[in-house]
Amino acid sequence: MNRLRKLIIIFPLIVILLSIFSCRKFEGDQTIPAYIKIDSITLNTDYNTEGENTHKINTIWIYVNGNLEGIYETPVYAPILARDANELTILAGIHLNGIASTRAPYPFYEPITQDVVFTENKVLNINGGYTPHGNDSTRLNSETSYYGNTVFVWLEDFEDPSLSLDSIQPSTVDIHRTTPANNPEAFLSANSQYSGYVELQGEKDFFKLSTNVGTGEGFELPQANNWPIFLEVDYKCNIPFEVGVFANEFSQVVENPLVGVNPTDEWNKIYINLKPIVNYSVNADDFNIFFYGTLT
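Below or above, wherever it landed, is the structure these notes cover. (Residues numbered from 1 in each chain as written. Predicted model: local features only at pLDDT ≥ 70, side-chain atom pairs only at ≥ 80, totals over all residues. Heavy atoms only, no water.)

Section: the nonpolar core
Ranked by internal contacts, the top residues of the largest apolar core, which has 33 residues, are Ile38 and Ile62. Looking at this core, the elements that each hand over two or more residues are strand E3 (34–38), strand E5 (59–64), strand E7 (76–80), strand E8 (84–95) and strand E10 (112–118). In terms of residue count, the dominant contributor to this core is E8 (four residues). Filtering out sequence-adjacent residues up to four positions away, Ile62 remains in contact with Ile36, Ile38, Asn67, Leu68, Glu69, Gly70, Tyr72, Val76, Ile80, Leu88 and Thr89. Listed in part, the 32 residues of the second largest apolar core include Phe219, Cys237, Leu274 and Ile289. (Core = buried A, V, L, I, M, F, W, Y, C linked by side-chain atoms within 4.5 Å. Buried < 20%, exposed > 50% of the residue type's maximum accessible area, 1.4 Å probe, protein only. Helix = DSSP H or I, 4+ residues; strand = E, 2+ residues; numbered from the N terminus. Contact = heavy atoms within 4.5 Å.)

What follows is the structure in structure tokens.
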């Protein structure tokens, strides 16, 4: 596993689980639809406070004047039974826990809302154009961002030599930073010259990493309410690994494996829902994240 990255985030919204496809029947006297084209959604972040702008937005919810028009995988080319000026809202969605059959709008991404003009039998290209608005024209928007009051509890980008992940028993290897700077195996960007990596070989065939090792501390996460809690991880690996949560109780630490992550030759991203296990751990004072895997 070459790199683990980046954050736990908390925000007071409820995750809504929906099936991948949904549509409404055409209503009224309009029989010729307009069309909407959306190739992709981008994410804008403040790197210092929100981390890298990596994302895996692969499903979008389309609303026109507050009415759900459909749920689609990207890229989208879909009919819209509307004409003239309307309010268009797009919700950016992800795979929960990396499972393709479980999709939901990501509760930390702001809706993309804008006034648009639909014309029968014409294509409104969200990624590449303008829409008439009175005597002017308005640039179409396909960019989302984190809600302003999202709380980022943990950020690790491996740019600092002091890492917030360390090995624990019975790990036979440690985590390191890639060397030198801009090593081609690392995730490279304007903000990133390094990644964290674990190498397994021979008898050094098992790793287990945790946050806050040796500090006696953990992350305080909201329990017994509807605030979602997610861990985002950017990774590349040639063996599977597991992600879990330590629930730190007064007299014991309860280990909760959560999600298995499959190998990938390219950089990938996973959104892991921590809320169920946090709410279940009613006796926990705080929590830590752990990763582990074995050479098979």
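A word on the environment of Trp154
Structurally, Trp154 is set in strand E15 (residues 151–155). One polar contact links Trp154 to Ser164, side chain to side chain, over a distance of 2.8 Å. (Polar contact = N/O pair within 3.5 Å; in protein donor to acceptor, adjacent residues only side chain to side chain.)

Here we look at the pattern of salt bridges
Within this structure, the stated rule accounts for seven salt bridges. Between Glu73 and Arg103 there is a salt bridge, and its shortest N-O distance comes to 2.5 Å. Pair noted here: Glu73 is in strand E6 (residues 67–73) and Arg103 is in strand E9 (residues 103–105), with a separation of 30 residues, a long-range link. Residue classification places Glu73 among the partly exposed residues on the basis of a relative accessible area of 36%. (Salt bridge = Lys/Arg side-chain N within 4 Å of Asp/Glu carboxyl O.)

Thoughts on the packing of aromatic side chains
Inspection of every chain in the model, using the stated rule, returns 13 aromatic pairs. Relative to Phe230, the ring of Tyr106 has its centre 5.2 Å away and its plane inclined at 85 degrees; by these criteria the two rings are edge-to-face. Of this pair, Tyr106 sits in the loop between E9 and E10 while Phe230 sits in strand E20 (residues 229–237); the two residues are 124 residues apart in sequence, bridging distant segments of the chain. Among the aromatic residues, those joined into a cluster by ring pairs are Tyr106, Phe108, Tyr109, Tyr146, Phe152, Phe230 and Tyr271. (Phe/Tyr/Trp six-rings, centres within 6.5 Å; stacked < 30°, edge-to-face > 60°.)

Overview of the sheet that holds E7
With mixed pairing, three strands are arranged side by side in an open sheet as E7-E3-E11. In the strand order of this sheet, the two ends are held by E7 and strand E11 (123–125), each with one partner. Each strand of the sheet is rotated relative to its neighbour by a mean of 25 degrees, with strand direction disregarded. Where E3 and E11 come together, three bridges link them in parallel fashion. Note on E11: the bridge partner recorded for Tyr35 is Val123. (Pairing = 2+ DSSP bridges. Axes fitted to C-alpha atoms, helices over the stretch in contact; angles between N-to-C directions.)

Observations concerning the environment of Asp205
Among the secondary structure elements, Asp205 is positioned in the loop between strand E18 (196–197) and strand E19 (206–211). The class of Asp205 is partly exposed, set by a relative accessible area of 28%. With 34 residues separating them along the chain, Asp205 and Ser171 place their C-alpha atoms 8.4 Å apart. Among residues more than four places away in sequence, those in contact with Asp205 are Thr172, Leu200, Gly293, Thr294 and Leu295.

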